[in-house]
Amino acid sequence: MAFLVKLSTLISRFCQLIGGISLIIIVLATMLDVIARYIFKLTGGEFGFTVKGSVEIVSYFMLFALLGAFAAFVERSQIIVDVFTQKMSKALKGYMMGTFMMGFFIIGIVFAWGLYESAFDAIQYGKVTQDLRISMMPIYAISAFLSILLAIRSLIESINIFKTGEFFDAEETGA
C-alpha cells in the first residue's frame, strides 16, 4: 500500500508541474499578445507583429492545466455539504468518497479512450488546428495521457480509502 501512496504522490506532483507550466505559458502568451497589440496601436499599424494562434495556445494549454489539476487534486475534488453529511459516520463518508473516486476512475478511462481514438483519427485524417495548422495528434495524446493519470490516481485513492478508511475531509481541515 505504501508503494501505491508514493506512486499517487509522484503522479500528483508531476500533474502539478504540468499544470503550472501550462499556466505560465498561458500568462506569457496572453501578455505577449496584449503588448504586441498595444505596440501595434501606438505605432498606428507600422509595427505589425502579432501573436498568431494565441487563442489556440491559451485554449489548449488551459486544457492541459485543467486536466493536470484534476489529476493532481482528485482526492480533494468533492465538495462536502455539511447539511447532508454532518450526521453521517466517518465510515459512511469514506465509503461514499471511495465510490466517487471509482467514478472518477471510470471518467478518466472514458476520457483517455476517447482522446486516444481522436489522436489516431487526427493522424489518419490529417486533422490540424485552425490557426497554427499543427497536428491535433499531440494535443489529443497529451490529454489522453493526463486522463490516464487521473484514472490511475483515482483508482489508487479509491483503494486507499476502502482499505484504510482515511480520506481528505475539508470539514476536519477547516478548508
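Refer to the structure printed above.
Owing to the predicted nature of the structure, the values given are computational and were not obtained by experimental measurement. (Residues numbered from 1 in each chain as written. Predicted model: local features only at pLDDT ≥ 70, side-chain atom pairs only at ≥ 80, totals over all residues. Heavy atoms only, no water.)

(A) Structural detail: the packing of helix α4 (residues 90–125) against helix α5 (residues 137–164). Where α4 meets α5, the closest approach of the two axes is 7 Å, and the angle between their N-to-C directions is 160°. Taken together, the axis directions place α4 and α5 in an arrangement best described as roughly antiparallel. For the crossing formed where α4 meets α5, the hand is left-handed. Tallied by class, the residues present in the contact of α4 with α5 amount to 24 nonpolar, 9 polar and 1 charged. (Axes fitted to C-alpha atoms, helices over the stretch in contact; angles between N-to-C directions. Helix = DSSP H or I, 4+ residues; strand = E, 2+ residues; numbered from the N terminus. Parallel < 35°, antiparallel > 145°, perpendicular 65-115°, else oblique. Left-handed = near helix turned anticlockwise from the far one by under 90°. Nonpolar A, V, L, I, M, F, W, Y, C, P; charged D, E, K, R; others polar.)

(B) Summary view of helix α1 (residues 2–42). Relative to the 60 Å expected for 41 residues at 1.5 Å per residue, α1 spans 60 Å between its end C-alpha atoms, a close match to the ideal helical length. Within α1 the residues assigned to the buried category are Ser 8, Ile 11, Ser 12, Cys 15, Gly 19, Ser 22, Ile 26, Ala 29, Asp 33 and Ala 36. Elements in contact with the buried residues of α1: α2 (54–72) and α5. Phi for Gly 44, located one or two positions after α1, is positive at around 65°. (Expected span 1.5 Å × (residues − 1). Buried < 20%, exposed > 50% of the residue type's maximum accessible area, 1.4 Å probe, protein only. Contact = heavy atoms within 4.5 Å.)

(C) Summary view of the packing of aromatic side chains. A complete count under the given rule lists 6 aromatic pairs for this structure. Among the aromatic side chains, those forming a connected cluster through ring pairs are Trp 113, Tyr 116 and Phe 120. (Phe/Tyr/Trp six-rings, centres within 6.5 Å; stacked < 30°, edge-to-face > 60°.)

(D) Fine view of a nonpolar patch on the surface. The grouping of Ile 24, Val 27, Leu 28, Met 31, Leu 32, Ile 35, Ile 39, Phe 47 and Phe 49 at the surface amounts to a nonpolar patch, some 810 Å² of accessible area in total. Examined against the element boundaries, Leu 28 turns out to sit in helix α1. (Patch = residues over 30% accessible without salt bridge, like charges linked within 9 Å, V, L, I, M, F, W, Y side chains within 5 Å. Areas by Shrake-Rupley, 256 points an atom, 1.4 Å probe, with all protein chains shown as cover. Salt bridge = Lys/Arg side-chain N within 4 Å of Asp/Glu carboxyl O.)

(E) Representation of the environment of Ile 134 within the structure. Tracing the backbone shows Ile 134 in the loop between α4 and α5. On the accessibility criterion, Ile 134 (41% relative accessible area) is partly exposed. Each residue touching Ile 134, except ones within four places of it in the same chain, is listed here: Lys 127, Val 128 and Thr 129.

(F) Up close: the environment of Gly 165. Looking at the element boundaries, Gly 165 is found in the loop between α5 and α6 (170–173). Beyond its immediate sequence surroundings of up to four residues, Gly 165 is in contact with Lys 90 and Asn 160.

(G) Local environment of unusual backbone geometry. Positive phi values are uncommon outside glycine, yet Arg 133 reaches one of about 60°. Arg 133 gets classed as exposed once you look at its relative accessible area, which sits at 57%.

(H) View of the pattern of salt bridges. For the structure on display, the rule yields 3 salt bridges. The partner of Arg 37 in a salt bridge is Asp 33, and the shortest N-O contact between them spans 3.2 Å. With a gap of 4 residues between them, Arg 37 and Asp 33 both fall in helix α1, about one helical turn apart. When its relative accessible area of 10% is taken as the criterion, Asp 33 is described as buried. For Arg 153, the salt bridge goes to Glu 75, with nearest N and O atoms at 2.9 Å. You can see Arg 153 sitting in helix α5 and its partner Glu 75 sitting in the loop between α2 and α3 (82–85), a full 78 residues away along the chain. As far as burial versus exposure is concerned, Arg 153 and Glu 75 are alike and both buried. Through salt bridges with shared partners, a single ionic network connects Glu 75, Arg 153 and Glu 157.

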